[in-house]
Amino acid sequence: MFGRASARNPLPVKLRRNSVPRPAPERPRRSSLTPFYVILGLVLLAGIGVLVTQMRPKGGGDAVNQAANTPPLTNDQLQRVQGISRGKADAPITIYEFADFQCPHCADFAARLEPVIMERLVDTGRARYVFFDFPLGFKYSWLSSRAGRCANAQGKFWEFHAMLFARQQEWAFAKDPVEVWGPFAQQVGLDQAKFESCVRSDQFQKEVTESSQLGQSLGVGGTPTIFVNGRRVETPTSYAEFETVVRGIAPAAFSDAPATAAPAGTAPAAGGPAATAPAGTAPAAAAPAAGAPATP
Amino acid sequence: MREEVAGFEHEAAPPLARMATAVLALIGLLVSTYLSLYKLGVIGGLTCQVGSCEQVQASPWAEFLHVPVSLWGVGAYVTILAIAIVGLQPRHQHARWVPLALFGLSAAGVAFSGWLTYIEAYVIEMWCQWCVTSAIIITIIFLLSIPGLRQAR
C-alpha cells in the first residue's frame, strides 16, 4: 500500500517515515538467561541444604536422648588416666570434661556454664568434676595443657584454668604465651618462676598425651566433650538443659531437690526421654579412681 | 539503533563472565553466611578439615569496625551478586557503571582479603579454610571484572 505513493501525491510525513523500507530490526543474539537462573537456583538450594545440615540441634531433648543411647565408659577406660578433679570423691554424679584451653567453645563453656555447674552441683556435694586435657590442633593447645598441669602441680589448677579460659584472647595470638601466663600465675598465687620453668620444660607431656589418647579412645572428636557418670552427653547450651540431662542419668542425686526452673522448652517433659535413661548403670563406683586429684 | 543492535552482537563485557561472577558471588555469599551464622551463635561449630577455623574466627581480627568480618563479606557478596544480575539484564548490559562497580568492589574485596590472609599467615599463624575459599573467590571475581573495564571506557 505504501509502495504505491507517487511523488505527485506524497504521503503525509508521519506515514512516509513509517513507510521507509528498512531492514527488520535484527533480533539481538542473546542467549536466554534461563539456564543461568537455573544454575544460580541450584547453587542456592545446595548451599542452603548444606547450611541447614550444619545447624546444631538445640534443646535438652536431643542431649538426653544422646545420653540414653551412648554406652557408658568402662572401668578400664576410667582408670587408665588421671584427670584433675574437684568435688567430693563419693559424689553420686561424676562429670568429665575433655577440653582444650585454646578452644573458643571451651572458653565459652567455662565462662557461662562451668561456674553454675560448680555452684549448684559440685559445691553442693552432688557432683564431682573431672577435667581431662584434649589438646586439638591450635598453636598453643599442647603448651596450655601442660601449663594447666604445671598449675595443678602447685595446687592451683582450677584458678589458673579459669584464668586461661577467661583471658584466652590475650595469649592465644601472642608470640610467647608463657610471658603472658607469668602474670596470670602470679595473680592466682602460683610461684611464677617455678611455673614458668615447668612450662618451658617438657614436664607433664606424658600426662597430657595419655589424657588425649583416652579422649581419642572414647571417640572424643571436638571440645568440650562432656560425660556424665560415664555417659557422653551433648554439650549443653544452658545450665537448665544440663541439669535436665543429669537428672535423667542420676535422678537419685536430686531426690531432695525440686527441678531447677528451666526456661520454656528446656524443662524435662514428664515421662520423656530423661525418664528412660537407665539410672544406676553409671560406673560411679569406679569413678574416683579416674578422677582422683592428679598427683603433682 | 543500529549501534544498539551492533552492541548486542559485539558485547563489550562477555555475559559469560558476568554470569560466572554472579555464581561465584553466590558461593561467596553462602560461605560468608556460614561463617556469620557461626559468629552469631546459630551454628555450634565450623566444619574445618584444614586449619583452625574457629580459632581464627575467635581472633581479634575477625571483626572490623565492631562488625564480624564475615558480615562484611555477606554485604559485599550480596552487592556484587545484585550488580552482576542487574548487569545481565538487556537494559543494563552496556551500562558503564556495571563493570566499574564490579571492578571497584572486587578490588576492595581483594585488598581486604589480602590483608586477612596476611594476618592468618604471619600474625596468628593459623588458617581458616573458609576464609581462604572466600579470598580465592573474590580474586577470581576481580580477575573476571578486568576485561569488562574496556566497556567502561
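Residues numbered from 1 in each chain as written. Chains lettered and ligands numbered in written order. Predicted model: local features only at pLDDT ≥ 70, side-chain atom pairs only at ≥ 80, totals over all residues. Heavy atoms only, no water.

Participant: Give me the lowdown on the overall build of chain B, citing residues and values where you can.
Facilitator: In terms of helices and strands, chain B carries six helices and two strands. The secondary structure elements of chain B, listed N-terminal to C-terminal, are α-α-α-β-β-α-α-α. Counting the 153 residues in chain B, one finds 48% classified as buried. A separation of at least 24 residues holds for 73% of the contacts in chain B among residues at least 6 apart in sequence. (Helix = DSSP H or I, 4+ residues; strand = E, 2+ residues; numbered from the N terminus. Buried < 20%, exposed > 50% of the residue type's maximum accessible area, 1.4 Å probe, protein only. Contact = heavy atoms within 4.5 Å.)

Participant: I'd love a proper account of the environment of A:Arg128, names of residues and values included.
Facilitator: All names here are of chain A. Within the secondary structure layout, Arg128 lies in strand β3 (residues 127-133). On the basis of relative accessible area, Arg128 is assigned to the buried category, the value being 1%. Spatially, the C-alpha atoms of Arg128 and Ala91 are 5.9 Å apart, while their sequence positions differ by 37 residues.

Participant: Let's hear about the nonpolar core: which residues, and what values?
Facilitator: With 95 residues, the main nonpolar core has A:Phe160, A:Trp181 and A:Phe195 as its most contacted residues. At 12 residues, the largest contribution of residues to this core is made by helix α2 (residues 15-39) of chain B. Once residues within four sequence positions are removed from consideration, A:Trp181 is found in contact with A:Leu143, A:Ser144, A:Ala147, A:Phe160, A:Leu164, A:Trp171, A:Phe195 and A:Val199. Counting residues in each nonpolar core, the second largest holds 10 residues, with A:Tyr96, A:Phe98, A:Val130 and A:Phe227 among its members. (Core = buried A, V, L, I, M, F, W, Y, C linked by side-chain atoms within 4.5 Å.)

Participant: Describe the sheet that holds β3(A), naming the residues involved and giving the relevant values.
Facilitator: Residues and elements named next belong to chain A. Taken in spatial order, the five strands line up as β1-β3-β2-β4-β5 in an open sheet, and their pairing is mixed. The two strands at the open ends of the sheet, each matched to only one other strand, are β1 (84-86) and β5 (231-233). Across the sheet, the mean angle from the axis of one strand to that of its neighbour is 25°, orientation sign disregarded. The sheet strands contacting helix α8 (residues 157-166) are β1, β2 (93-99) and β3, and the helix crosses β3 at an angle near 60°. (Pairing = 2+ DSSP bridges. Axes fitted to C-alpha atoms, helices over the stretch in contact; angles between N-to-C directions.)

Participant: Can you explain the state of the cysteines? Please cite residues and give values.
Facilitator: Residues and elements named next belong to chain A. Within this structure, the stated rule accounts for two disulfides over all chains. The disulfide partner of Cys150 is Cys198, and the S-S distance across this bridge is 1.9 Å. Its S-S torsion of approximately -80° makes the covalent link between Cys150 and Cys198 left-handed. Here Cys150, found in helix α7 (residues 141-153), pairs with Cys198, found in helix α11 (residues 192-200); they are 48 residues apart in sequence, far enough to count as distant. Of the residues examined, Cys150 reaches a relative accessible area of 1% and is grouped as buried. (Disulfide = S-S within 2.5 Å.)

Participant: If you had to explain the interface of chain A and chain B to someone new, which residues and values would you point to?
Facilitator: Taken together, the 30 residues of chain A in the interface contact 40 residues of chain B. When the two sides are added together, the surface that chain A and chain B hide from each other amounts to roughly 3000 Å², 66% of it contributed by carbon and sulfur. At the surface where chain A touches chain B, the tally comes to two salt bridges. The residue A:Lys139 makes a salt bridge to B:Glu125 at a minimum N-O spacing of 3.3 Å. Inspection of the chain A/chain B interface yields four residue pairs in polar contact (both at pLDDT 80 or more). Contributions of two or more residues to the side of chain A that touches chain B are made by α2 (34-54) and α5 (104-112) of chain A. With 10 residues, the top contributor of residues to the side of chain A that touches chain B is α2(A). Grouping the amino acids of the side of chain A that touches chain B by side-chain chemistry returns 17 nonpolar, six polar and seven charged. (Buried area = accessible area lost by both parts, 1.4 Å probe. Salt bridge = Lys/Arg side-chain N within 4 Å of Asp/Glu carboxyl O. Polar contact = N/O pair within 3.5 Å; in protein donor to acceptor, adjacent residues only side chain to side chain. Nonpolar A, V, L, I, M, F, W, Y, C, P; charged D, E, K, R; others polar.)

Participant: Hey, could you go over the pattern of salt bridges for me, with residue numbers and the actual values?
Facilitator: Applying the stated rule across the entire model yields nine salt bridges over all chains. Between A:Arg200 and A:Asp176 there is a salt bridge whose closest N-O contact spans 2.9 Å. Of this pair, A:Arg200 sits in helix α11 while A:Asp176 sits in the loop between α9 (168-171) and α10 (177-187), placing them 24 residues apart in sequence. By relative accessible area, which is 24% here, A:Asp176 ends up partly exposed. The structure contains a network of salt bridges with shared partners spanning A:Lys139, A:Lys175 and B:Glu125.

Participant: I'd love a proper account of unusual backbone geometry, names of residues and values included.
Facilitator: All names here are of chain A. With an omega dihedral of -5°, the bond running from Thr223 to Pro224 counts as a cis peptide bond. Within the secondary structure layout, Pro224 lies in the loop between α12 (205-217) and β4 (225-228). Despite not being glycine, Asn229 has its phi angle at roughly 50°, a positive value. Inspection of the secondary structure assignment puts Asn229 in the loop between β4 and β5. What makes Asn229 buried here is its relative accessible area of 5%.

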